[in-house]
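Survey of secondary and tertiary structure
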Amino acid sequence: HGLRRRARRGRRRRGRDGVRRRRLSAYLLAQLERERARRTREDTLEALVHRTVTDAFCEGLPGPAQVARRLGMSERTLHRRLAADGLTFRAIVDRARRETAESLLALPDHTLAEVAYLTGFSDQSAFQRAFKRWSGQTPLAFRREASPRR
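Rules behind the numbers
Residues numbered from 1 in each chain as written. Predicted model: local features only at pLDDT ≥ 70, side-chain atom pairs only at ≥ 80, totals over all residues. Heavy atoms only, no water. Phe/Tyr/Trp six-rings, centres within 6.5 Å; stacked < 30°, edge-to-face > 60°. Helix = DSSP H or I, 4+ residues; strand = E, 2+ residues; numbered from the N terminus. Buried < 20%, exposed > 50% of the residue type's maximum accessible area, 1.4 Å probe, protein only. Lys NZ or Arg CZ within 6 Å of the ring centre and 35° of its normal. Arc of directions from axis to C-beta. Contact = heavy atoms within 4.5 Å. Patch = residues over 30% accessible without salt bridge, like charges linked within 9 Å, V, L, I, M, F, W, Y side chains within 5 Å. Areas by Shrake-Rupley, 256 points an atom, 1.4 Å probe, with all protein chains shown as cover. Salt bridge = Lys/Arg side-chain N within 4 Å of Asp/Glu carboxyl O.

**Describing the packing of aromatic side chains**
- Under the criterion given, the structure shown has five aromatic pairs.
- With a centroid separation of 6.2 Å and 70° between ring planes, the pair formed by Phe131 and Trp134 is classed as edge-to-face. Placement of the pair is Phe131 and Trp134 together in helix H7 (residues 124–135), with a separation of three residues, close to one helical turn. For the pair Phe131 and Trp134, a shared accessibility class is recorded, and that class is buried.
- Within the aromatic cluster, the residues linked to one another by ring pairs are Phe121, Phe127, Phe131, Trp134 and Phe142.
- Note that Arg97 overlies the ring of Phe121, its terminal NZ or CZ placed 3.7 Å from the centroid.

Listed below in structure tokens is the structure:
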């Protein structure tokens, strides 16, 4: 009798454990699905290209072939997927350069020539022309407005 009773109790426990496992599994799967959906929203192709371009500035201005390779696709696929989203590689690079330049200009640590170099421009005059096209003002005027008066 004692063995049978213990065996039945064991089956009941396993049964409850099975229910707990199924509930835990369902909960964890739902959490994973929410995390996947969140990452999908955050990691759009545009965001991935922007991040890749920005990360590569220290090595020089990356081309579409280099960015596509880092993202694990062909250059043609990169252009096709960007076009499907109504984007161009050039526009994303320009935005990355502008945002990087603005953040560097807000700090007094870098000269204009250094900012030009760090954003992938061949020289300071090319950087100044591009910055004026982007913002309607010179980099020096932007720096004066961005930096707090002392």
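**Remarks on helix H8 (residues 139–146)**
- Restricting attention to buried positions, one finds in H8 the residues Pro139, Phe142 and Arg143. Axial view of H8: buried residues confined to an arc of 100°, hence all on one face. Residues Arg144 and Glu145 are exposed on H8 and point more than 90 degrees away from its buried face.
- On its buried face, H8 sits against helix H5 (89–105), helix H6 (112–118) and H7.

**Let's talk about a nonpolar patch on the surface**
- A grouping of Leu24, Tyr27 and Leu28 is seen on the molecular surface, where their side chains present a nonpolar patch of about 310 Å² in accessible area.
- By secondary structure assignment, the location of Tyr27 is in helix H1 (residues 2–42).

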